[in-house]
Structure formats: structure tokens, C-alpha cells
Amino acid sequence: MATPKVLILRAPGTNCDHETAFAFEQAGAKADRVHLNRLLENPQLADEYQILCLPGGFSYGDDVAAGRIVGSLIRHHLSDTLKKFQADEKLILGICNGFQILIKSGVLLPDVDEGEMPATLTWNNSQKFEDRWVNLAANSSKCVFLDGIDEIYLPMAHAEGKFVAESAETLTALENAGQLALKYVNADGSSDNVEYPANPNGAQMNVAGVCDTTGRVFGLMPHPERFIDPTHHPRWTRGEGGTVGAGLKMFENAVNYFG
Amino acid sequence: MTLWEVDIYPGSGQVDRAAEGLKADAADLGLMNDLPIAVAHGYLVEGDFDQTEIENLAARLLADNVVERTVVAQVGCDSLDKSPNGNGASLVHVLPMPGVTDPVAQSAMTAISDFGKPAAAVRTFHKYFLGDESNSLSEQQLDTLCDKLLANDSIEQVIRGPIDFDRLTFGTPYEFEPLITAIRELDDDGLNQLSKDGQLYLTLVEMQTIQAYFQKLDRDPTDAELESVAQTWSEHCSHKTLAGRIAYKDENGERHFENMLKETIFAATVEIRKQLGDKDWCVSVFQDNAGIVRFTDNYNLVFKVETHNHPSALEPYGGANTGIGGVIRDPMGTGMGAKPICNTDVFCFAPPETDAESLPPGTLHPRRVMKGVVSGVRDYGNRMGIPTVNGAVYFDKRYLGNPLVYCGNVGLIPHEESFGDAHDNDLIIAVGGRTGRDGIHGATFSSAELTSESETLSGGAVQIGNAITEKMVLDVLLEARDKKLFNAVTDCGAGGFSSAVGEMGEKIGAEVWLDKAPLKYDGLTYTEIWISEAQERMVLAASEEQWPELEKLFAAEGVEAVAIGRFTPTGRLCLKYGEATVADLDMKFLHDGRPPIVREATYTPNPVTPVELPPATGVNYNEDLTNILGSLNVASKHWVIRQYDHEVQGGSVIKPLVGIQNDGPGDAAVVRPLLESRRGVVVSCGMNPRYGDLDTYHMATSAIDEAMRNCVAVGADPSMIAILDNFCWGYTDRPETLGSLVRAAIACNDMAVALGTPFISGKDSLNNEFSYFDDNGKKQTIAIPASLLISAMGQVADVSTCVTMDLKNADNLLYVIGTTHNELGGSHYTMLQGNDTGGHVPKVDVQLAKATFAAVHTAISSGNIRSCHDLSEGGLATAAAEMAFAGGLGAELSLDKVPSSEENAHAAVLLFSESNTRFLVEVEPTKAAAFEAALANIPHAQVGQVTDGSEVIIRQRGNSMIRAGINELKEAWQSPLDW
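Residues numbered from 1 in each chain as written. Chains lettered and ligands numbered in written order. Predicted model: local features only at pLDDT ≥ 70, side-chain atom pairs only at ≥ 80, totals over all residues. Heavy atoms only, no water.

**Comments concerning the sheet that holds strand S40 (residues 959-965) of chain B**
Residue and element names in this part refer to chain B.
Alright, step 1. An order of S35-S37-S34-S38-S36-S39-S40 is seen for the seven strands of this open sheet, with the pairing classed as mixed. The open sheet has two edge strands with one neighbour each: strand S35 (867-870) and S40. Here the strands of the sheet are splayed against their neighbours by 20° on average, with no regard to which way each runs.
Alright, step 2. Where strand S39 (residues 951-956) meets S40, six bridges bridge the pair, whose relative direction is antiparallel. The partner of Ile953 across the bridge, within S40, is Arg963.
Alright, step 3. Sheet strands in contact with helix H26 (residues 846-861) are strand S34 (813-817), S35 and strand S37 (919-923), and its direction is about 20° off that of S37. (Pairing = 2+ DSSP bridges. Helix = DSSP H or I, 4+ residues; strand = E, 2+ residues; numbered from the N terminus. Axes fitted to C-alpha atoms, helices over the stretch in contact; angles between N-to-C directions. Contact = heavy atoms within 4.5 Å.)

**Describing the sheet that holds strand S23 (residues 598-602) of chain B**
Residue and element names in this part refer to chain B.
Alright, step 1. Taken in spatial order, the three strands line up as S8-S7-S23 in an open sheet, and their pairing is mixed. The open sheet is flanked by strand S8 (253-257) and S23, the only strands paired with a single partner. This sheet shows a mean twist of 15° between the axes of neighbouring strands, independent of strand direction.
Alright, step 2. Here strand S7 (residues 245-250) pairs with S23 via five bridges, running parallel. Looking at S23, one finds that Ala247 is bridged to Glu600.
Alright, step 3. Sitting on the sheet, helix H9 (residues 260-276) is in contact with S7 and S8, with an inclination near 100° to S8.
Alright, step 4. Those strands touched by helix H24 (residues 735-755) are S7, S8 and S23, and its axis lies near 80° from that of S23.

**Description of the interface of chain B and chain A**
Alright, step 1. Taken together, the contact between chain B and chain A spans 65 residues of the former and 58 residues of the latter.
Alright, step 2. Taking both partners together, chain B and chain A bury about 5,000 Å²; carbon and sulfur atoms supply 48% of that area.
Alright, step 3. The interface formed by chain B and chain A includes seven salt bridges.
Alright, step 4. Between Arg678 of chain B and Asp229 of chain A there is a salt bridge, with the nearest N and O atoms lying 2.7 Å from each other.
Alright, step 5. There are 32 residue pairs in polar contact (both at pLDDT 80 or more) connecting chain B and chain A.
Alright, step 6. At the level of secondary structure, the elements contributing two or more residues to the side of chain B that touches chain A comprise helix H1 (17-28), helix H2 (51-62), helix H3 (103-114), helix H12 (366-384), helix H15 (467-482) and strand S24 (652-654) of chain B. (Buried area = accessible area lost by both parts, 1.4 Å probe. Salt bridge = Lys/Arg side-chain N within 4 Å of Asp/Glu carboxyl O. Polar contact = N/O pair within 3.5 Å; in protein donor to acceptor, adjacent residues only side chain to side chain.)

**Considering the pairing of strand S8 (residues 162-165) of chain A**
All names here are of chain A.
Alright, step 1. Every second residue of S8 is oriented toward a common face, with Lys162 and Val164 on one face and Phe163 and Ala165 on the other, all of them buried.
Alright, step 2. By the bridge criterion, four bridges tie strand S5 (residues 119-122) to S8 in an arrangement that is antiparallel. When the sheet's bridge partners are listed, Thr122 is paired in S8 with Lys162. (Buried < 20%, exposed > 50% of the residue type's maximum accessible area, 1.4 Å probe, protein only.)

**Concerning the pattern of salt bridges**
Alright, step 1. Summed over the entire model, instances satisfying the criterion amount to 63 salt bridges over all chains.
Alright, step 2. Here Glu48 of chain A and Lys5 of chain A are joined by a salt bridge, their closest N and O atoms 3.9 Å apart. Of this pair, Glu48 of chain A sits in the loop between helix H2 (36-41) and strand S3 (51-54) while Lys5 of chain A is found in strand S1 (residues 5-10), placing the two residues 43 residues apart along the sequence.
Alright, step 3. Overall, Glu48 of chain A belongs to the partly exposed group, its relative accessible area being 41%.
Alright, step 4. Residue Lys5 of chain A is classed as partly exposed on the basis of its relative accessible area of 24%.
Alright, step 5. Linked by salt bridges that have partners in common, Arg10 of chain A together with Lys471, Asp475, Glu479 and Glu557 of chain B make up one network.

**Quick word on the environment of Met883 of chain B**
Residues and elements named next belong to chain B.
Alright, step 1. Tracing the sequence through the fold places Met883 in helix H27 (residues 875-887).
Alright, step 2. Along the chain, Met883 and Lys262 lie 621 residues apart, while their C-alpha atoms are 41 Å from each other.
Alright, step 3. Beyond its immediate chain neighbours, meaning those up to four positions away, Met883 contacts Met805, Asp806, Leu807, Ser867, Cys868, His869 and Leu920.

Below is the structure:
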């Protein structure tokens, strides 16, 4: 099997780049951490990679709005590069701040009107940053990263993760297209009345992750790279960590896609 | 140029959550109920934009089309003043004061440029519409809201009504003018006046020494020279009191110290290292910005805890924000730069339910202080990508004027990068943030007592941090380190360039070109540049050969790096502004010229007074237990903990909250900083301000014991735990106050040597007293209790052997390890009876403690303990309740077999005494024999078992002393601080 190369894009304030690179390497990929400035100087750099990953963190401090400034830089300078990346049927993954960037750059969901986003990620209902583990259910047959995953338990850690669509029609359309790929569920796996803290931020339709129409671009608020070892699980001392961290599967799916 | 205003409101159908939060805060502070409020945030943008361009920026960059709506107009336009709640509202704008760091504005400037046309300046603001037609506010009500809720006038300005200025750019070019102070001719009064007016905070003897130095030179000093001396000699930078001569007297006689810290805490480490011989695992202690110990074959660990108390008292958010930002720069500035891997934060506040009417002038409400401090630490730590894994919060009304904010950071550094030294003729490179007028006099200010006037006097000492600037510095610094592009690094902390360059060049000499330092704005004098404490700056020493590549690397990551001088081998500190020399001092005078401080210290032990106990039979303690669980020190801190990212960097092993619902109180945190390794770092702390009211010696040994217990309880190897001391004390010019500190330091020495547990770094913050004039014009002073924080950093060879405190399975056995004494002094049991001074303070049997820690570690690492919790605040009953509700299981215990130093001990003593070196552990029946063998020489007894019920039942001689449901107990524990 060929070893896919992952471009882990780091911007000022990105802070999950090391562990995300480690997760991809555990899954069998070769990962490089690349500063955004390098890609802006030389967009062709992307051609060397099969997977683009925007990891978590606080790019530009979440200033103005989470993901907004890098999103804007991408719109202005890297839009063609990423379109080509998608057209080449390569994979793009955005985790937490990376998801926020994918949404705000228009890479994940095309604008309804120029510069008008169909959906956003905004402040949690609690109005503050929170770190807690959440139960999730996959809700997509096409998302490459979620292949073989029905339910998964992962940590979230964010302040601006509430998914809101610009209209009820847009939300329904995304749901019908199978793009609302990952959802918060209750601890017993049920998806009725998922209330805080099971839905930690008040996201519409309990959306935790979204993919594009092809299933090859995926963004999610929870952190799969933070559960790739049994001792990451908050109850591993109670025997609940399993033998391998469940989050690793998402990275393996990405690698196996090129297998 | 035009000044545009972009107001951003919640979009239609969106809840105005900022307004909701504000209403709740107003109600909490007892200010206002059900006041209609609407909130917008926004940007003032100065530049050559037309309406279309600015609307485009508003729509595409500044606001979110899905959830927000905007109002865009030139400042002064009526359309900006319309309240969403209709007529009758009072309009208030709150902006950071000019010159105060505004990270969002900085980022917005960058992003706006990328749209094609740069802005000349940007400022952010919040806009509040208070009241409506039927609820209009009086001027006085408005004043109160602005003052208590909306703004802090040490960093923010309030504009009532519309924005009333038409430009943002400020600062006028500085015209060089050297300032000379005629010190030689001053008498003693004049010297005192100069020290006070110049905010030098130097004593008369120190001023006389400076005077004599310049008399000998036959010239008068420049302001930069005076400031350099004041910074270097400040309590904050030189620790002159504790490192000074002290004549100490207590019930054991007299003792004279030439250097108190060196002869107590530091001496303990020297002794331990000698005993360890070639097994010594300390690498660098008490010399660099942080202590260093060995971790793996390739890496060392670095640890430092600092305080940021005075700034946090005035501006809780900014003070705590820059507190954590500052301590992170300590490991970054240790050796050749360590990678920060986790944070620990401990706070002391007055109780949040303090009556707002009772606050002395110049103090902020403790609830506001707590919210501000937690947000400040959260926003900086999370943005730095460093997990905050450990902490504690203590409450005592004596922290009202002086809240304490301890911030700590652990770093990881390769062995070969653990030391750095500037070389002769290296360039002095300033990197990171720019220099502004922020934080002038922070070092001298933090060494002074706070008064109700401090806010007006020292507002400049308070700052806001910009975490992303520091994160960018960190990223590129570590790259530069690995490429060997510099020879030494240190952080700019208190004293700014003055301290950083002074320390690095102490043995060499330095020439600094102050006009080369990058500035935030025009108008700074050479002295302001020299002593500014602007955040996120570090200083590197690089050779001429290293510099070009270093400069290129920093530029590639967008971090400013500028050569501002040279370490010239002259033994002198020479400051230049252009061609002019503005300071020329002998390094020796600067660092060794300070006259030694000689102080008296006395300690008189308090007599022990009795504690009244209930009748031996016919009572139960359910209510005492619930009250203890609901007391602020014990109650769940989940509201704080969950706001911190405790899992970033991907090495989380034991989280701060544990158990079946991830919400029980873990004893210590464990992280795995090397993702490919199984070796873990354990972080914990211990602190008992209440014991200090009885005896600071035993307070100190108890704090060390508690920090060790917490570390060992999760699996740390007690033979490799390093500890830090942070003394926060009152006014140490008073012999009794200094005496109580010296006594604690002696205890630290005794305990550390006996346990073989070295101190590797420490810090002190003195004069934590708050003075004000009460309604009768009488001066009142609130002194904090003696507050010694011990932070512990342990190691565990394989994290898979770690344990947590939540009960795991019914029918497992429960053992108490350690002896319970009649030690209710300072306990939470007596506190809730309103008795602050009665009873015997808990003591430590150090030899037994050492053996107990070793035995517990053996039992844990061999897999014979299923869960383990240390006994601390609230004693055995509290620990049992916490273990039960964290595990979602019941527990039945009998007090009859609990190892005790008294026969037929009273139930209250066995339940609630806070005797040291005790644990409650859960053991599987099949492992009982192996467990007991490991504990053979340690007092221990099986006292009960885990049940599959939902009650905690504790009996004595068959009588139920406690019988309570775990859900009720948990609710009592979780609700007080469930904000």
C-alpha cells in the first residue's frame, strides 16, 4: 500500500498540529507540519500531498471569529489550490478550529451568494469554552473518514462550535444530502431530545461534523486525535479504554482510502 | 481619513446571549434585576474607505452573515445610536484604553490589509443599551453598572453616549531629552521623596547607597540609571527580604541567617543531592528561570510556579492572563528553551457570596475577581495550546483585598539544551511583542503594599496579554533552538529589558541601543523602553554568525526579531539612545551593590485550645458531612476545570475530573508528554492556609505531605518527586509576620531532607496586605493568611499502572492507610463550627510518611490497588463520600478498626480529623494478601467494602454515624460553584 502524505497546515495559533501529525503517522501516513506562510508563498506545495489536514487550535487567536481570518486568507489566496485538491479527489479534514476554517473559507460548503455562508459555527450557548467528552453517531454513507464508524466517544474542547444554518431549508437540504455526517447523541445512543451537555453547544440538529457532497471533505468539532490511545479515555482506569483509541479509525480510513 | 464604526448585533431570531449573561451577572452582584439590556460588539476602523468598502469588510470579514447583523456608519451618525429595545435606553461604549493591548484589533488590521487596502488603525469596543422607555436609569445607577460590571477603569475607558472622537491614531514622535536627577545634594527626606515620587519603592538605606555611588562617580544619575537599580533591587527581582539577613527567634531559641532561603529551602536540596550521589536526578535548581530534573534518557522536565497577585487584584482578567503568559515564558526562557507541556493554576479568593455593600473602597467583588481570573487563565492557556491539568481554589475572607493567583508551567527540554550562556560580543536580540508603555513599574509595584489608591497610582502596571504572539514566539523559538541559532535565551518578565539584559549580561557586560527596540507607538522615552514590561517579549543572545539565519527564520514565521545591543565584555551596563549614552553602570554595583537587608523575625506558638465535640452516642454526622462537601474549598470546581482545555497536546492520562460520570475529584493529573513513550508526568499541589493560623511549621509540612499524597495516590514514584515553594505572605517588615514565614521555611527544609524530596525552584510574593479608610476615617488593614503553596511534579514509569479515586466494583475491600490522630485543628469540621483556632494542628511523622509513600507506590505499581484517594480536607468521611459518588457505588465502613493513636477515639475525630499521610484505598479481595504484604510495616486496616447500593454508611460500634445517599452527597458537593 502506498503511504499517503499529509499536509498538516499550521497557522499562527494552531496548536494541535503535533498530535494530529502523530495520529496520521500511527495510522500509516507520512505527515508534515507546514506553516501557512509556506503554502501562501508556494501553493503548488499542495500537489505533493494526498491529504490536507487543518488541525485544532486558535488560528489568529479566534480573533474576529473562530476560523475567520484563515478562512479569509484561503478565500483570497488559496481558493484555486484547494479547488484543484478537491477535483483531484484528494482528502481534506478539518478538526475543531480546522472545521471552523473549512466552514468560513467556503471550502466545505459553497457560498449561497458570494461571501454569504450557508451555515456557520458560532458561540456555544454557554458562551464559554468547554472541554468534555461527547457521544457521537455517524449519519453518512458517503463520508470517507467515518467509514465503518457507527458510534464514537470523543472529547470536544471549544467555545465556538454551535452549528447553525442560514435557513431551515438549507439545514434540511444538507441533512437530505447526507452531509450532516456526525451528530451528538445521548449516552445511551439515542438521538431524541439530546440536551446540554450531551449536545454541548446547542448545535442545530445536534450537528458535530459536516462533509461535502463527495464525502471527501470533512470537518468536525470533536478531536479524534485525542483518542488514539486507550489511556486517553476518561474512564480507562475503569476498563473502558478498549485496546486502541477509537479515534484512530478516522485517520486509518483516510490512509486506507489511498490503499 | 475617516473613522468608521461597525456595530455587530445578534441576527434576527438569535438570542442576545451577551445581554443574558450580563443580566445574570448584574443579578449575582445584587446590582439590578430584569433590566432590559442589548449588547453589540464592534470595530472602529480608521482609513481611506468609502461606504461600500467598509460595508464589504463588515459583511465579509467582521460579521457572520448567518447569526449576526451589522450597522455600519461614520462615527457620529445617528443610525449608530438606536437601541434594539426601543427608546429610553442609556448608551454606553466600553473600549480598551489607548495603548492597552487589543489582540482582536491587531488581528483585524492584518485581515483588513489582506482585503486590499490597509486601515490606519482599528480598535474594538462593546456597546451597551441599558434600560428602555419604562426602565430608564439614573446617572448614579449608570455609574454603578459601569464601575461594577461593564468596565474596569485600569484598562478600559467608558464613553457615555455616542463615540465622541474622530481619530484613533495617537502618540507623537519622541524628542530625545536626557533626564538627570540631582541625587547627590538630597537629604534623607529628599531621598525618601524621590523613591516615592519615582515609584522606585526603595528604602532609605538603599537610596543612600545609590547616592554614595554617584557621589563617588562625581556625577548625578540619569532616570534610566535610577530605574535600572530600582528594578534590579526590587523585592520582586532580588527577593531581598527572604534572601537577606534575618535574626529569628522562636520557642526553640534564636537563629541567625545570612541568607534565609539559601540556608533552608536551597540547603535541603543541596543535602539531598549530596545523599543521592551519582543517582542525583536534579539537573539545575534555583539558578535558571525554572528548575530542571531528569525525565528520560533524552529529556528533562522543567517546572516553575509564579504569582501575579497585585495585578489580578486591580484587573482580574488581565492580571491572570499575563500571569499565566508570564510563567509560560519561564520554561521557554530556561536553558535553551523548553516546550511547555502543562499548566497548573491555584487561586485564593474571598467567598463569592460576600455582600457587595460590605466591600472596602478600591476592591472588586470576589465573584467578579473569580470570573475574571478564570477567564484570564482560560483564554491564555487554551490559546497557547497547553493543557491546564491541575489546580485548586481556596476561599477565605482575608483574600478580599489581595486575591492570590498562582500560575505554573511544566516544560520538556532535551538534555543537551538544558543550559545556555551568552558569549562575549553576542548580539542582544529582542523577539516577540513590541514595546509599549504597558506595565511600567510592575516589578517595583508588585513589591509594595496595595491601598485603595493603587488603582489610580499604578494602573500602568496592569496589562492584557496576547497569547497568539507568545505562541508564535514559542513555535519559532524551538525551531531556532533545534537549529542551534542562538546561545542563550531569557524572558522579559518584571523589569522588562532591564532585568532580562541585566541578568544575561551580569558576568559580561552589555551595551543596549534603546532606539532600535520596535515600539507599539511613538512617544516612549528611553527609560520607558528600558523598563516597560510589555508582554510576549524574550531576549536571545546570538553570535554575528548565527544572527542572519536566526533573523530569516523568525521572519518566515512572522515574528519580529531585532538586534538591540551587544554583550560587550566590559563589566558595565551601557545604555544608548542614538549616539547619546543614557546610562553607564557597573554590573557589580547593580547586582551586588544592594545593602543587605537585616530583619528581625519572631514566632510565638499559640496555645492549643480545645474543640467541643458532640456526645459520643446518639448523634449522626450526615449534616456535617454534607456541609463539608458543600463548603467552598471542598466543593466541586468543575465550573473552572471545564473551561480549561486539559487534553490538548494529546498526552492526557489522568484528567482533573474522573469517575463513572467524569466528574469526581481526581487527586493529581497525569500527562504523557512524549507521545511515543509510556512514561508520565504527575502534577499536584498542597496548601493549607487555615493550618497557618495555628502553626506555620505544621502548615508547611502538611502542605508538602498533601502535595506528595496527591502525587503518590495516582501512581507517582515518591523517590522522584520534585517540589516548588511559593510563599505569599503579609507585610514582612513586621517581625511576627516574617517569623511565621521563616518558621515555614525551616519546616520545608526539615521535611524535604527527611523525605528526600528536593525543592527545585520557588518564588515569593510579600506584603499582601490591603489598607483602606473605613466609614469613620479609620485606617483598616486586611492581611492575607500565611499562604504557602507546594506544587509537586512526579513521574510514573508506565502510565498504565496509574489509578484514580473513583470506586470501581462492589465487594472490593476498603482499607485506610495511615494513623488518625486527634487533629481537628484547622479542619473543615471545626471551620463549619465557626472555630478557627481550636484543636491540634495536623503534624507529619516524616519517617513514617516516607515509608508510607514508598509502600503505597509499591502496591499501586504492582497492580494491587484498584482506586486510591488521599485523606485531606474533611478527612475520612469526605474521602469515602467522594470515592463513592465518583464511582457511582455505595460504601460501608466501620470506624472501629481505623488505625488511631487514641483508644476509643471519638467518632468526629475518626470521621473528620485531617491527620496527614493517610489514604483510603480499594483492593480486590484476590489482591488483599499482596496488598497487605506491601503495607506490612505501615499502619493500615480493612475498614469496609464497596457495595452495589447507593449509600455511604459509616458505623461505630454498630451504630450508624453516617448514612447518606450518594446522589444527595454529590449534589451537595456539586451545587455551590455550579455557575
